[in-house]
Amino acid sequence: MPALAEWRMPELPEVETTRRGIAPHLVGRRVEKLIVRQRNLRWPIPLALQRGLPGQRVDAVERRAKYLLVHTTAGSALLHLGMSGSLRVLPSLVPAGPHDHVDWQLDSGKILRYTDPRRFGSQLWQPPGTLHPLLADLGPEPLADDFDGDYLWHASRGRAVAVKIFLMDQKIVVGVGNIYAAEALFAAGIRPTRAAGSVSRARYARLADEIKRILVHAITRGGTTLRDFISPDGAPGYFEQELFVYGRKGEPCRVCATPIRAIVTGQRSTFYCPHCQR
Ligand SMILES: [Zn+2]
């Protein structure tokens, strides 16, 4: 089994699923107050957020990479789930547990509750008309039209870095985490250790298509790889048996029955089929 922390980390589909789950409960609602029980998340919750958000009405909930942006006229809350964070909309009377660090009290009588046992997530603030430094230098969204095989091919020319590490570089494309990179490379038949610059244009076209297909599938599934992640509606969404290579070291490839190999690249576990991926 991979390290538990890696297994549990929310990736783009979980964040998008969270966005879709919470947005209908937030948009048009006013945030009446913030209840901050623990402000020391990955970074301390800034006073600008604690002062800026109460009284504001939510205009939109957007996702950029693995960040959620809750927009108001006074500014935008920038939320990240880190390694183990989750956001749920609950009746305000639900008692807080030890890892329920922040509640947003809404004028609907409900709360947006942030739970994070490991506290690697964040709640930050972006003033209107500015771009938070964490959002600068990000590559395109994988589901956007400007992300395709030609883009990957051009960006990878002359690059000796392993194609899996290249794919996980947020400056190249955002939100293709370890699990989805492994699964997309398998689906495209590309060995993860291959130099990014040696992958042909045609194979990048296939890879870009597989990344989109796998992410869309995970999102429509209710999208989580987290064993204990509870989506905003309360249902775990992703099924371990749908993984082809990730976490399957030594198990037979679902296509050719060759044992799946596990290696470490860029300090992350990398899984592939030595027969299907070249
Ligand atoms: Zn195989």
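See above for the structure.
Reading the values: the criteria
Residues numbered from 1 in each chain as written. Predicted model: local features only at pLDDT ≥ 70, side-chain atom pairs only at ≥ 80, totals over all residues. Heavy atoms only, no water. Pairing = 2+ DSSP bridges. Helix = DSSP H or I, 4+ residues; strand = E, 2+ residues; numbered from the N terminus. Axes fitted to C-alpha atoms, helices over the stretch in contact; angles between N-to-C directions. Expected span 1.5 Å × (residues − 1). Buried < 20%, exposed > 50% of the residue type's maximum accessible area, 1.4 Å probe, protein only. Contact = heavy atoms within 4.5 Å. Phe/Tyr/Trp six-rings, centres within 6.5 Å; stacked < 30°, edge-to-face > 60°. Lys NZ or Arg CZ within 6 Å of the ring centre and 35° of its normal. Donors = N, O, S within 2.8 Å, 3.2 Å for Na, K, Ca; no water. Tetrahedral: all angles 85-135°; square planar, octahedral: opposite > 155°, others 65-115°. Patch = residues over 30% accessible without salt bridge, like charges linked within 9 Å, V, L, I, M, F, W, Y side chains within 5 Å. Areas by Shrake-Rupley, 256 points an atom, 1.4 Å probe, with all protein chains shown as cover. Salt bridge = Lys/Arg side-chain N within 4 Å of Asp/Glu carboxyl O. Lys, Arg positive; Asp, Glu negative; His and termini not counted. Charge placed at Lys NZ, Arg CZ, Asp CG, Glu CD. Polar contact = N/O pair within 3.5 Å; in protein donor to acceptor, adjacent residues only side chain to side chain.

Engineer: How should I be thinking about the sheet that holds strand β4 (residues 75-80) in this particular structure?
Structural biologist: Hydrogen bonding along the main chain pairs the strands of a sheet, whether they run parallel or antiparallel. Taken together, the four strands give an open sheet; going across it, the order is β2-β3-β4-β8, and neighbouring strands pair in antiparallel fashion. At either end of the open sheet lies a strand with only one pairing partner, and these are β2 (60-64) and β8 (122-126). Taken pair by pair, the neighbouring strands of this sheet meet at an average axis angle of 25°, ignoring direction. Where strand β3 (residues 67-72) meets β4, six bridges bridge the pair, whose relative direction is antiparallel. Counterpart to tyrosine 67 in the pairing with β4 is histidine 80.

Engineer: I keep staring at helix α7 (residues 201-220) and nothing clicks. Help me out?
Structural biologist: Every α-helix carries 3.6 residues per turn, so stepping three or four residues along brings you back to the same face. Look at α7: 29 Å from first C-alpha to last across 20 residues, which is about the 28 Å you get at 1.5 Å a residue. Taken together, the buried positions of α7 are Tyr204, Leu207, Ala208, Glu210, Ile211, Lys212, Ile214, Leu215, Ala218 and Ile219.

Engineer: What is the right way to look at the environment of isoleucine 260 in this model?
Structural biologist: Tracing the backbone shows isoleucine 260 in the loop between α7 and β9 (261-265). When the C-alpha positions of isoleucine 260 and arginine 248 are compared, they lie 6.2 Å apart, and in sequence the two are twelve residues distant. Sequence-distant contacts of isoleucine 260, that is, excluding residues within four places in its chain, are made with Phe244, Val245, Arg248, Lys249, Gly250, Glu251, Pro252, Cys253, Phe271, Tyr272 and Cys273.

Engineer: Even after reading the chapter, I still don't get the packing of aromatic side chains, so can you show me in this structure?
Structural biologist: Note on aromatic pairs: each is described by the distance of the centres and the angle between the planes. Scanning all chains against the criterion turns up four aromatic pairs. Seen in terms of ring centroids, tyrosine 246 and phenylalanine 271 are 5.2 Å apart; in terms of plane orientation they differ by 70°. Their pairing is edge-to-face. In this pair, tyrosine 246 is assigned in the loop between α7 and β9 and phenylalanine 271 in strand β10 (residues 268-272), connecting sequence segments 25 residues apart. One Lys or Arg, arginine 201, reaches over the ring of tryptophan 153 and ends 4.3 Å from the middle of that ring.

Engineer: What is the right way to look at the coordination of the zinc ion in this model?
Structural biologist: The textbook angles at a metal center are 109.5 degrees for a tetrahedron of four donors and 90 or 180 degrees for an octahedron of six. The protein atoms that coordinate the zinc ion are Cys253 (SG), Cys256 (SG), Cys273 (SG) and Cys276 (SG), at distances of 2.2 to 2.4 Å. Given four donor atoms and angles of 99 to 113° at the metal, the environment of the zinc ion is assigned as tetrahedral.

Engineer: Help me understand a negative patch on the surface in this model?
Structural biologist: A cluster of like negative charges, contributed by Asp145, Asp146, Asp148 and Asp209, occupies part of the molecular surface. Within the secondary structure, aspartate 148 sits in the loop between β8 and α4 (149-156). For aspartate 148, a relative accessible area of 34% corresponds to the partly exposed category.

Engineer: Hey, could you run me through the side chain of arginine 63 in this one?
Structural biologist: Inspection of the secondary structure puts arginine 63 in strand β2. We classify arginine 63 as buried; its relative accessible area is 14%. One polar contact links arginine 63 to glutamate 16, side chain to side chain, over a distance of 2.8 Å. Non-local contacts of arginine 63, meaning those with residues more than four positions away in its chain, are made with Leu12, Val15, Glu16, Arg19, Leu68 and Glu141.

Engineer: Looking at this model, I keep getting lost on the sheet that holds strand β6 (residues 100-106). Mind explaining?
Structural biologist: Taken in spatial order, the four strands of this open sheet run β1-β6-β7-β5, and their pairing is antiparallel. Unpaired on one side and paired on the other, β1 (31-36) and β5 (86-91) mark the two borders of the sheet. The average angle at which neighbouring strand axes cross in this sheet is 20°, direction not considered. Each of β5, β6 and β7 (110-115) is contacted by helix α2 (residues 12-26), which is oriented at about 35° to β5, the strand it contacts most.

Engineer: How do you make sense of the side chain of glutamate 183 when you look at a structure like this?
Structural biologist: On the secondary structure map, glutamate 183 appears in helix α6 (residues 178-188). Despite its burial, glutamate 183 remains without a salt bridge, the nearest opposite charge being carried by arginine 254 at 7.0 Å. There is a polar contact of 2.8 Å between the side chain of glutamate 183 and the backbone nitrogen of valine 245. Looking at glutamate 183, its side chain comes within polar contact range of the main-chain nitrogen of tyrosine 246, at 2.8 Å.

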